[in-house]
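Here are the chains, one letter per residue:
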Amino acid sequence: MIEPTHTLRRHPYGPLATRIAEAALEAVRPETLAQAWAAAHVPTAGRVWILGAGKASEAMARGVLAALGDRVAGGLLVCKHAEDSALGPLELRCGAHPVPNETSTAAGAAMLAQAAEVRDGDVVVGLLSGGASSLMVAPASDHDLEGIVALTEAALRDAVPIESLNARRAETDQLKGGGLARAITPHASIAAAVLCDVLGGTAHDVGSGPLDDPRVDADVLADNDTAVQAAARAARAEGLEVQVEAPLRGEARVEGARWARARMDAPPTDAVRCTIAGGETVVTVRGDGLGGRNQEFALAAAPQLLHAPHALLLSLATDGEDGPTDAAGAVVDGATVIRALEAGLDPDAYLKANNAYAFFDALDDLLRTGPTGTNVCDLKIAFS
């Protein structure tokens with residue numbers, strides 16, 4: 001659930017926006033999706049092992065366990081958050097994200113050890129979602145953790161395309177590029193379910209493709225477009241005029257200003273217009289503040305909405321974690337800049353410092369959901 005913010009409580013479209021965003025999150029709920037998938041796609045004979053990694057792996061595993069019950073002999077999940085060390089017969093470990101550390105290498109070693117336990121005739125259920133690349137790491141013989149950390153930090157800093165990063169990871173990590181599949185006996189069946197956080201990506205793009213192998217039957221349970229289309233359906237059900245736009249990429253501050261300006265420049269209409277887009281922008285860090293791409297997107301958008309009486313814009317990460325913060329994103333409207341200036345907050349100064357978190361925290365307009373258990377990039381919802 002999305003906690004109400006100052007703007008969501010007071011803006012006439014605040015409740016509408018909340019319902020639409022929550023409908024999108026519900027549509028990509030991993031437990032529900034994985035349970036239906038497992039009932040239909042996992043072979044009916046053989047002892048089952050679950051090997052999973054990523055932010056949504058625990059929720060996905062709950063769904064598989066509900067579908068398969070006692071057939072599951074054991075397995076391992078590598079998560080970002082885990083309150084317990086076990087889920088039924090499954091061991092749970094935590095790794096680090098977005099930059100791996102020693103917990104990630106310990107998790108990677110444990111995953112390879114668990115794969116070695118699989119025997120001929122067994123069935124492996126692979127569960128992958130965003131974050132898996134960092135959460136479990138097994139450096140190749142001529143590489144080490146420090147090098148993988150440097151690679152990851154450079155990729156985050158320079159916004160390296162995911163395809164290029166995955167190719168490099170496959171060279172440096174035993175698990176990536178089909179490495180986990182190769183560690184499993186060739187006489188076991190492997191069925192994989194993937195929650196895709198790569199825009200326009202395939203099942204084998206997630207987690208740097210640890211199960212990228214010709215014998216693996218991999219299915220995408222949901223992706224960014226799943227959330228976007230669910231939001232659009234919910235908005236139409238509310239009687240709104242809906243426009244779905246192409247996924248947003250590029251610099252968060254550039255795209256936030258551009259996208260908000262486009263909403264203001266649209267031809268007038270008698271109906272309430274709701275514009276929805278997915279995507280995943282990036283932040284080039286120039287300052288020493290705290291924030292994330294969705295908060296920075298919203299901060300850059302706010303001046304473009306100034307004085308627009310009906311304007312409202314939400315930008316949120318579907319996993320509930322925008323950058324290294326406890327917020328999923330932020331919400332702005334036509335009064336955001338006015339309220340900020342009255343409170344002594346200079347929006348431009350906070351944007352230059354990459355300090356969107358402090359800005360929106362002071363205004364009580366950070367979107368907070370807590371970790372949602374899913375991960376399919378970002379969602380933008382605007383009213384104009």
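Details of the structure are given in the entry above.
In short, a report on the structure. (Residues numbered from 1 in each chain as written. Predicted model: local features only at pLDDT ≥ 70, side-chain atom pairs only at ≥ 80, totals over all residues. Heavy atoms only, no water.)

With that out of the way, let us pick up the packing of aromatic side chains. Going through the model one piece at a time under the given rule, you end up with four aromatic pairs. Aromatic pair Trp259 and Phe297: ring centres 6.2 Å apart, planes at 55°, arrangement tilted. With a gap of 38 residues between them, Trp259 in helix 11 (residues 252–265) and Phe297 in helix 12 (residues 293–301) connect regions that are remote in the sequence. Residue class for Phe297 comes out buried when judged on its relative accessible area of 0%. Its guanidinium or amino end placed over the ring of Trp259, Arg263 lies 4.7 Å from that ring's centre, counting from NZ or CZ. (Phe/Tyr/Trp six-rings, centres within 6.5 Å; stacked < 30°, edge-to-face > 60°. Helix = DSSP H or I, 4+ residues; strand = E, 2+ residues; numbered from the N terminus. Buried < 20%, exposed > 50% of the residue type's maximum accessible area, 1.4 Å probe, protein only. Lys NZ or Arg CZ within 6 Å of the ring centre and 35° of its normal.)

Moving on, we get to the environment of Ala203. In this structure, Ala203 sits in the loop between strand 6 (189–195) and strand 7 (217–222). The class of Ala203 is buried, set by a relative accessible area of 10%. Residues Ala203 and Ala193, spaced ten residues apart in sequence, show a C-alpha to C-alpha distance of 8.0 Å.

The terminal C-alpha atoms of helix 10 (residues 224–237) lie 20 Å apart, and with 14 residues this matches the ideal 20 Å at 1.5 Å per residue to within 8%. Regarding helix 10, the residues found buried are Asn224, Ala227, Val228, Ala230, Ala231, Ala232, Ala234 and Ala235. If you follow the buried residues of helix 10, they end up packed against helix 2 (14–27), strand 8 (241–244), strand 9 (273–279) and strand 13 (378–383). A side-chain oxygen of the first residue of helix 10 lies 3.2 Å from the backbone nitrogen of Asp225; this N-cap is Asp223. (Expected span 1.5 Å × (residues − 1). Contact = heavy atoms within 4.5 Å. Polar contact = N/O pair within 3.5 Å; in protein donor to acceptor, adjacent residues only side chain to side chain.)

Residues Ile20, Trp37, Ile50, Val64, Leu127, Ile276 and Phe383 are the most contacted members of the largest nonpolar core, which totals 55 residues. Examining the composition of this core, we find that six residues originate from one element, helix 10, more than from any other. Membership of the second largest hydrophobic core comes to 30 residues, among which are Leu51, Ala115, Leu128 and Ala181. (Core = buried A, V, L, I, M, F, W, Y, C linked by side-chain atoms within 4.5 Å.)

Moving on: the side chain of Ser133. Inspection of the secondary structure assignment puts Ser133 in helix 6 (residues 132–135). One polar contact links Ser133 to Arg169, side chain to side chain, over a distance of 3.2 Å. Dropping the residues within four chain positions of it, Ser133 is found in contact with Arg169, Lys176, Gly207 and Ser208.

What follows is about the sheet that holds strand 2 (residues 72–79). Within the open sheet, the seven strands sit side by side as 3-4-2-1-5-6-7. Their pairing is mixed. Among the strands making up the open sheet, the edge pair consists of strand 3 (86–87) and strand 7. Bridging between strand 1 (residues 48–53) and strand 5 (residues 123–129) involves six bridges; their strand directions are parallel. Looking at strand 5, one finds that Val48 is bridged to Val123. (Pairing = 2+ DSSP bridges.)

Below, the discussion takes up the packing of helix 2 against helix 10. One way to put it is that helix 2 packs onto helix 10 with a least axis distance of 8 Å and a crossing angle of 135°. Here helix 10 runs oblique to helix 2, going by the angle between their axes. Relative to helix 10, the crossing made by helix 2 is right-handed. On the side of helix 2, the interface is formed by Ile20, Ala23, Ala24 and Ala27, while helix 10 contributes Thr226, Ala227, Ala230, Ala231, Ala234 and Ala235. Counted by class, the contact of helix 2 with helix 10 contains nine nonpolar, one polar and no charged residues. (Axes fitted to C-alpha atoms, helices over the stretch in contact; angles between N-to-C directions. Parallel < 35°, antiparallel > 145°, perpendicular 65-115°, else oblique. Left-handed = near helix turned anticlockwise from the far one by under 90°. Nonpolar A, V, L, I, M, F, W, Y, C, P; charged D, E, K, R; others polar.)

Another aspect to go through is the packing of helix 11 against helix 12. Contact pair helix 11 / helix 12: the axes reach a minimum separation of 7 Å and the direction vectors enclose 45°. Looking at the two axes, helix 11 sits oblique to helix 12. Considering how the two elements wind past one another, helix 11 and helix 12 form a crossing that is right-handed. Contacts between helix 11 and helix 12 involve Ala252, Arg253, Glu255, Gly256, Ala257, Trp259 and Ala260 from the first element and Arg293, Glu296, Phe297, Ala300 and Ala301 from the second.

Right, let's talk about the sheet that holds strand 10 (residues 312–317) for a bit. Pairing is mixed in the open sheet, where six strands are placed in the order 8-9-13-10-11-12. Each edge of the open sheet carries a strand with a single partner, namely strand 8 and strand 12 (366–367). As paired elements, strand 8 and strand 9 share four bridges and run parallel to each other. Looking across to strand 9, one finds that Gln243 is bridged to Thr275. Sitting on the sheet, helix 2 is in contact with strand 9, strand 10 and strand 13, with an inclination near 155° to strand 13.

Turning our eyes to something else, we now look at the pairing of strand 9. Counting buried residues in strand 9 gives seven out of seven residues, a clear majority hidden from the surface. The side-chain alternation of strand 9 yields two buried faces, one formed by Arg273, Thr275, Ala277 and Gly279 and the other by Cys274, Ile276 and Gly278. Read from strand 8 through helix 11 to strand 9, the crossover connection turns out right-handed. Pairing analysis gives six bridges linking strand 9 to strand 13, with the strands arranged antiparallel. Residue pairing for strand 13: Ile276 is matched across the bridge by Ile381. (Right-handed = clockwise from strand over helix to strand, strands pointing away.)

Scanning the model with the defined rule gives 21 salt bridges in all. Here Glu241 makes a salt bridge to Arg273, at a shortest N to O gap of 3.7 Å. Within this pair, whereas Glu241 is found in strand 8, its partner Arg273 is found in strand 9, the two being separated by 32 residues in sequence. Take Arg273: its relative accessible area is 9%, and that puts it in the buried class. Each of the salt bridges in this network shares a partner with another, and the network as a whole consists of Glu280, Arg293 and Asp378. (Salt bridge = Lys/Arg side-chain N within 4 Å of Asp/Glu carboxyl O.)

By themselves these figures say nothing about function.
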